[in-house]
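Chain by chain, the residues run as shown.
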Amino acid sequence: MPFCSLDFGLHFDPQQVARVLDFFATFILVCSLLVLATERRHVHVRIYALQSLSLAAVAFSVAFFNCERHIFIATALIFISKVIVIPVLLGRLMTRLIPQQPVKPMINIPSSLLFAAVLVLIADYLTRNILSAGHEFELARSVLTDSVGVVLLGLLIMIARKKALTQIIGFLTMENGLFLTGIAITAGMPLIVELGVLFDVLVAAFLMGVLLYRISETFDSIDVEKLTKLKE
Amino acid sequence: MIDAQFFFGLSLFLYLAGAVLGALWCLRPRRSYYVSHLLALAAGISGITSSVPVLLGQSPYHITIPWLTALSNVAPSIKLFENFSLQVDALSAFFVFVISLLVVPVSIYAFGYLREYEHKQSVALLGVLYNLFILSMVLVVTANNALFFLIVWEVMSVVSYFLVTFDHEKTENTQAGFLYIVMTHVGTAFIVLFFLIFYQQAGSFDFEAFRKVAANLPDLAKTLLFVFALIGFGTKAGLVPLHIWLPYAHPAAPSHISALMSGVMIKTAVYGMLRIFFDFLKPDLVWWWGLVLLGLASLSAILGILYAVTEKDLKKLLAYSSVENMGIILIGVSLAMIFSSYQTSTFAILAAVALIAGLYHLLNHAVFKSVLFLGAGAVVSQTHTRNIEALGGLIKKMPWTAACFLIGSIAISALPPFNGFISEWLTFQALLLGFNVPDLIVKIIVPLSAALLALGAALATACFVKAFGVSFLALPRSEHVQTAQEVSSSMKWAMGSLAALCLVLGILPTAVVRLLDGVTGALVGASAAASMGVNPLTLAVPSAKIVTVAPLGLALILLIVIPVALGVAYMAGELRTRRAQTWGCGLPKLSPRMEYTATGFSKPIQLIFKSIYQPRKEIEIETDVSSYVHKRIRYELQIESPFEKYFYQPVSAFVLKISAIVRRIQTGSINTYLAYIFIALVILLLLVR
Amino acid sequence: MAQIYDILRDGFSYAVGTLQDVSIFLILLVPLLSAILCGVIGKKRVMERTSVCAAFITALSGMALVSRVVAMPPGTSPVPRLGGLLYADALSAYLVLIICFISLMITLYSLGYIGYEYSIELFGKAKLRQYYFLLNLFVFTMLLAAVANNLGVLWVAVEATTLASAFLVGFYNREESIEAAWKYLIIGSVGITFALFGTVLVYFSALSVFKALGSPGTLNWTDLVNPSIATQMDPHILKLAFIFVLIGYGTKAGLAPMHTWLPDAHSQAPTPISALLSGVLINAAMYGILRFHHLLAASPVGPEFSSNLLLFFGLLSIAVATPFIMVQKDYKRLLAYSSMKHMGIIATGIGLGTPLAIYGALLHILNHALAKAFIFMSAGNLSLKFKTKEIALVKGIAKILPMTSALLLLGTFAIMAVPPFNLFVSEFLILSASFLGGNFLVGSLVLLLVVLAFAGFIFHISHMILGVPIKPLPPGEVNPSSFLPLSILLGLVILLGLYVPGPLHELLQQATKLVKP
């Protein structure tokens, strides 16, 4: 079955392909920054869906331009699980949550953006090293920077925000960064691993959602500040 | 020829059988208790049988244990040890002998002592622990492999912890147990360090390998080995300032266990030191090692007895006196170390004398301290109090116990014709031999130490005059004493046989010295018995001027003099009983409250040594109408141990403060937790780049 | 007669051989089927019997697997299964042995424990079904982690352990348990994400080597450690990868400072699950680190890099855990922190890097699993009776629960590595190795911290066991069926303290060679 560029007899300039991938990867990074920059949870979920969509786009591009056929399956799964299932689940969950007062973040928006900038610089610093080691992966460099940046930003979101829901978004952002790395620098992991990871993420997101619901039922809030009884 | 090895194996088997059968019969506590103690008794007799031939010169024997041998070489290149065995040489045999010698009367005593614990469900447990405790002690003194030694050493500590906390309803007992197990664990940690350094040098945990490597150890390793052994075994021995657990733990245990703890358990530390300093490290001995030990031992001797003098708790008093006596034993050992460090044959004989003095006192202390603890146990079982101030007049109600306690008191006060006198005299003579040492500092320390020893002996007399006088003489001071009766015959016989042993050991020193000479001869490489036993009656010390003592002769003289004196007194009419009222300063009636108290008795000593005791007095006077009319006076005196106040308490406070600071990291906030992961990751990434 | 005997013997050896052949599948299939069965049926007795039978069969298959692996001639590796996805060598067989055995004990213990709580209507039938379903699933995921050859599958399995156990941690639906479950799920997932990142990086560095050799890229561990691949990998990327893996699996293994979820989860879960988490799960995570450690040692990076990191994190974990053991209010947290301390000791042992130390550390894994399961079970009997986890509210249990208190006291000495219990031997081996290798400071530091922790632990436990009860409870055990697994464990804890059986020794020696080639 003809699927990828070579099947159609098309040859693309690797530079151009890299630029396309770079565009989507950068968009993923920007999405994570947007999560940090807003406080409204409905927006968070939408941004996440958008981010996942561009992740699917990256996967599709790699599959299409580089003719890595097994990534088509991954693309489809990413699209179904991350663009449709998880956002829908989270959206339905939100309608069930009790409306509440705004929660003060751990780190306020301007400072967290500043931190984010530093993290992206760190990501750049780290990945420069990997590339300098001399690898022939042309598209790797900037995409890798973006993906490491996304992973670190995801963790920053989890640290800086105290709403349990935002923490889930942070976790999912980290996962997206990870997928980006996997697809971009290694042209996808072995299929079985890819499937297993996706399955795990899906289950993790589901369980986190259920637990989030229980938290809101038990504590009348999804502020994790309430969850500080267990210490020492 | 007795097959010593067979009897040794038999005694181990019997202890084990006692523990196992005791545990199996736990639903019939009384039967279990009797069975386990009966087996312990048999094991004790078997143990004596097994150790005497070796003491008399039979060659050492080994028993190999097949366990753990899988571990002997973990990787083809790494060897942990070669043989996993028990070895009974003269030194081990001596300790097996001492242990077994005490186990026999103590087990007999335990039959009668059961009544004290009958109301408790866990009597069976007591029998099991008793057997395990003795078994572990026997294994400690015969282990021939460091790993095995550590295992049985800790088993001994843990089992004795269970025994200390056996009466756990009383909070002070659980606290005593806690202090004990922590201190002993610290000590074990140092012993572990000691063995690890040796292992690093020798490449094996076998004692055999330790002996081989000893001659060429680097200086730093030698010094560390000495320090670690000193702290490790010093903790168990109750050496000042590591003694703080001893006065709490020994009284907390059931009395016959206290007798074993004070009588033999703390002596396993002496065994450890002898094994290390004279068996492994003899060619490496440095003169200042012995000097450091001598200083600490003298300090223990004097401080132990000073605290004993002011003590009002009968068993605690005995425990403090154990600190003193361990000091005296270790004075002998340390002198032997000093003499041995010169590595010449003349000094070797002096070392033999000093070591004989130490071992002799070890044996004696084991005997008379158990008489005293068993006596105290008899008193406590009848009166249910350990406070001397509440006793009094027991000599009429418990004459047998009183007689045995009196003999023990005389012996421990180093008065002839009992055994304490001989060994303290020998120790004193050994100290005087220290003048032969060329080093000036030794010459300075030795007379100081001798002075302290003499002072200690005098204070011991005061202490036991107080202990015996206040508890047994005069009138009962409280209702505790009213119901007291003489104890059962098994307890009487146990105490009586030990008291008799005090006398035997006191009047037959030449025989005992000959027995000990085999032990010390192997350790220091010289025999002193020939020069010490002038004739069967007279004991001498080999030195420039011959000093002798003839206890048997003395005893014979006393045997003649006493009846004659009594006869003369009778003739003169002095022995007629005359009953009259004590003069009461004109008061109509004397009450027991007006008797001389233990506190009052020790007050002068307390005043003299005020700077050491640092007493904290509290006088509270309640007045009525006028300030001249006192309604009630409360007087409280507390003596705080300076070691606890200035060392142990600050250290534990410091550790707790640090932990309080560290504990703040667990804030409870998930954001912080995630930040930890983040920071760890970023730092590592930046470092590794 | 002789013929019959021969036939029987042949039949027996054939059966054993077959069992050995299929054991690697059995240990995965049986718990999975049992989980499904429990999830579908939901009758108390059926679930209990299914779980016990499954655990028993799994344990037998685990033994068969071990015997197969031990019998392999040295130098050869057992045949990988399922297209190279599954694989068992001495190290995985060792882990399988631990998981199977401890989970069998835990399942036996669960009958009484969960049964009692169900009988006093602490939770309903749906919860009971959830418990047995998740318990079996949890065991399945851990076993999968142990026999996974593919590093990606290993990751999937380790993440799955978090997912399977998260709701077991939050089982009681109380405020605290939900809090603990949330922290466990979030921190565990975040940590494990980094492990995946590290795995991706390893794949990345291996991929170019594979391409150069003209073979398809794979994440199979057996292929990666192949000298023709391992020696060609980029050391720089491998170092980065190891950091991510260490942080990731280290989070699950409870290494400081990523350990923060551990005391919460271990104290809030039902006690059988706490025992499983403390005794087994954290070892499975440590196993993941060991696989990567081996990979790094086989690559141009050499063993020093990962050894030093493990040594550092090991010592840090012991140092961080000790203060929490010394001052503690909750006895299950006390046990949790002691698990953390032991993981620190294991990491230290691996980090020391000599065969003796690694042998000790591996033995310590087994010993800790046994002793920790033992003490958690005894503490569980205690919490059933007293219905509190606070140390201050429990006193004088010797009067109320004499058997349990005796076991708890023995367990305390066992877990504090006092001889003659098994942890002493392994800890002593690690200490010996540190001195033999000249790392005096490491050995002394470990010893100091261990002594401090001992003082704290014994203080709390003796407070609970000894003395006069605060409130008079009627004496009597509530979970007598627990004494079966408890006595088996006690026997092993003492036996292994005095004797290391030959086959186990053989297995450990082979595993030692696997940790450091």
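Structure shown above.
In this report, we go over the structure that sits alongside the text. (Residues numbered from 1 in each chain as written. Chains lettered and ligands numbered in written order. Predicted model: local features only at pLDDT ≥ 70, side-chain atom pairs only at ≥ 80, totals over all residues. Heavy atoms only, no water.)

1. Observations concerning the overall build of chain A
Scanning chain A from terminus to terminus reveals seven helices and zero strands. The linear arrangement of helices and strands in chain A, starting from the amino end, is α-α-α-α-α-α-α. Taking as baseline every contact in chain A between residues at least 6 positions apart, the subset at least 24 positions apart corresponds to 76%. When the accessible surface of chain A is split by element, carbon and sulfur atoms take 67% of a total near 9,600 Å². (Helix = DSSP H or I, 4+ residues; strand = E, 2+ residues; numbered from the N terminus. Contact = heavy atoms within 4.5 Å. Areas by Shrake-Rupley, 256 points an atom, 1.4 Å probe, with all protein chains shown as cover.)

2. Quick look at the side chain of Ser434 of chain C
Here Ser434 of chain C lies in helix H17 (residues 422-436). The contact partners of Ser434 of chain C, leaving out residues within four places of it in the chain, are Leu352, Asn439, Phe440 and Gly443 of chain C.

3. A short note on the environment of Ile422 of chain B
Residues and elements named next belong to chain B. Inspection of the secondary structure assignment puts Ile422 in helix H17 (residues 419-433). In this structure Ile422 comes out as buried when scored by relative accessible area, which is 0%. Sequence separation of Ile422 and His361 is 61 residues, and the distance between their C-alpha atoms is 8.2 Å. Here Ile422 is in contact with Tyr360, Gly506, Pro509, Leu539 and Pro551, once residues within four sequence places are set aside. (Buried < 20%, exposed > 50% of the residue type's maximum accessible area, 1.4 Å probe, protein only.)

4. Considerations on the nonpolar core
Proteins that are soluble and globular tend to have nonpolar side chains buried together. By size, the foremost hydrophobic cluster in this structure holds 549 residues, and its most contacted members are Phe277 and Phe278 of chain B together with Trp182 and Phe413 of chain C. Two domains each put at least three residues into this core: domain 1 (347-569) and domain 3 (643-688) of chain B. Phe413 of chain C has contacts with Val158, Tyr161, Phe162 and Ile181 of chain B together with Val418, Phe421, Phe454 and Ile458 of chain C, leaving out every residue within four places of it along the chain. (Core = buried A, V, L, I, M, F, W, Y, C linked by side-chain atoms within 4.5 Å. Domains from an automatic or database assignment.)

5. Some details on the packing of helix H3 (residues 90-117) of chain B against helix H19 (residues 489-507) of chain B
Residue and element names in this part refer to chain B. At their nearest, the axes of H3 and H19 sit 6 Å apart, and the two run at 155° to each other. Regarding the angle of H3 to H19, the classification is roughly antiparallel. Between H3 and H19 lies a crossing of left-handed hand. For the pair formed by H3 and H19, the contact residues are Leu101, Leu102, Pro105, Ile108, Tyr109, Phe111, Gly112 and Tyr113 on the first element and Ser490, Met491, Ala494, Met495, Ser497, Leu498 and Leu501 on the second. Of the residues that constitute the contact of H3 with H19, the class distribution is twelve nonpolar, three polar and no charged. (Axes fitted to C-alpha atoms, helices over the stretch in contact; angles between N-to-C directions. Parallel < 35°, antiparallel > 145°, perpendicular 65-115°, else oblique. Left-handed = near helix turned anticlockwise from the far one by under 90°. Nonpolar A, V, L, I, M, F, W, Y, C, P; charged D, E, K, R; others polar.)

6. With respect to helix H18 (residues 440-472) of chain B
Between the first and last C-alpha of H18 of chain B there are 48 Å, a value that for 33 residues agrees with the 48 Å anticipated at 1.5 Å per step. Of the residues flanking the end of H18 of chain B, it is Ala474 of chain B, one or two places downstream, whose phi is positive at about 60°. (Expected span 1.5 Å × (residues − 1).)

7. Points about the interface of chain B and chain C
If you look at the interface, chain B gives 53 residues, while chain C gives 69 residues. Between chain B and chain C, the buried area comes to about 5,700 Å², and carbon and sulfur atoms account for 83% of it. Contact with chain C buries surface across chain B, with Arg663, Gln666 and Ile677 of chain B losing the most and accounting together for 11% of the total. At the junction of chain B with chain C, the criterion picks out one salt bridge. Between Lys399 of chain C and Glu169 of chain B there is a salt bridge whose closest N-O contact spans 2.4 Å. Inspection of the region where chain B meets chain C yields six residue pairs in polar contact (both at pLDDT 80 or more). Sorting the residues of the side of chain B that touches chain C by element identifies helix H5 (146-164), helix H6 (171-202), helix H25 (642-662) and helix H26 (670-688) of chain B as the ones contributing at least two each. With 13 residues, the top contributor of residues to the side of chain B that touches chain C is H6 of chain B. Classifying every residue of the side of chain B that touches chain C gives 40 nonpolar, nine polar and four charged. (Buried area = accessible area lost by both parts, 1.4 Å probe. Salt bridge = Lys/Arg side-chain N within 4 Å of Asp/Glu carboxyl O. Polar contact = N/O pair within 3.5 Å; in protein donor to acceptor, adjacent residues only side chain to side chain.)

8. Things to note about the interface of chain A and chain C
Quite often, the size of an interface is put as the accessible area lost when its parts meet. Taken together, the 47 residues of chain A in the interface contact 48 residues of chain C. Counting the surface chain A buries against chain C, the share from its top three residues, Arg214, Leu230 and Glu232 of chain A, is 15%. One can count one salt bridge joining chain A with chain C. Two residues, Lys229 of chain A and Glu175 of chain C, come together in a salt bridge whose shortest N-O distance is 2.5 Å. Between chain A and chain C we count eight residue pairs in polar contact (both at pLDDT 80 or more) in total. Where the side of chain A that touches chain C is concerned, the elements lending two or more residues are helix H4 (109-132), helix H5 (140-160), helix H6 (164-186) and helix H7 (191-219) of chain A. For the side of chain A that touches chain C, the element with the highest residue contribution is H7 of chain A, accounting for 16 residues. Residue composition of the side of chain A that touches chain C, grouped by class: 30 nonpolar, ten polar and seven charged.

9. Here's the deal with unusual backbone geometry
Residue and element names in this part refer to chain C. The peptide bond linking Ala256 to Pro257 adopts the cis configuration, its omega dihedral lying at 0°. With respect to the helices and strands, Pro257 occurs in the loop between helix H9 (235-253) and helix H10 (261-268). Geometrically, the link from Pro419 to Pro420 is a cis peptide bond, its omega value of 5° lying close to zero. Looking at the element boundaries, Pro420 is found in the loop between helix H16 (402-415) and H17. Within the chain, Asn173 stands out as a residue other than glycine whose phi angle is a positive 60°. For Asn173, the location among the structural elements is in the loop between helix H5 (151-169) and helix H6 (175-213).

10. What to know about helix H20 (residues 502-515) of chain C
All names here are of chain C. Taking 1.5 Å per residue as the helical rise, H20 with its 14 residues ought to reach 20 Å, and the 20 Å between its terminal C-alpha atoms agrees with that figure. Within H20, ten of the 14 residues are buried, which leaves it mostly tucked inside the rest of the structure. Those residues of H20 lying buried are Leu504, His505, Leu507, Leu508, Gln509, Gln510, Ala511, Thr512, Leu514 and Val515.

11. Some remarks on the packing of aromatic side chains
Think of a pair of aromatic rings as described by two things: how far the centres are apart, and how the planes are tilted against each other in angle. Per the stated rule, a full pass over the model turns up 66 aromatic pairs over all chains. On the numbers, 5.5 Å between centres and 20° between planes, the contact of Phe149 of chain B with Trp153 of chain B is stacked. Of this pair, Phe149 of chain B and Trp153 of chain B both sit in helix H5, separated by four residues, roughly a single helical turn. On the basis of relative accessibility, which here comes to 1%, the residue Trp153 of chain B falls in the buried class. With a centroid separation of 5.6 Å and an interplanar angle of 85°, the aromatic rings of Phe162 of chain B and Phe413 of chain C are classed as edge-to-face. Here Phe413 of chain C lies in helix H16 and Phe162 of chain B lies in helix H5, a pairing that spans two chains. By way of ring pairs, the aromatic residues Phe149, Trp153, Phe194, Phe195, Phe198, Phe207, Phe210, Phe233 and Phe280 of chain B are connected into one cluster. (Phe/Tyr/Trp six-rings, centres within 6.5 Å; stacked < 30°, edge-to-face > 60°.)

12. Things to note about the side chain of Lys341 of chain C
With respect to the element layout, Lys341 of chain C can be found in helix H13 (residues 331-352). Glu427 of chain C is the oppositely charged side chain nearest to the buried, salt-bridge-free Lys341 of chain C, at an N-O distance of 5.3 Å. (Lys, Arg positive; Asp, Glu negative; His and termini not counted.)

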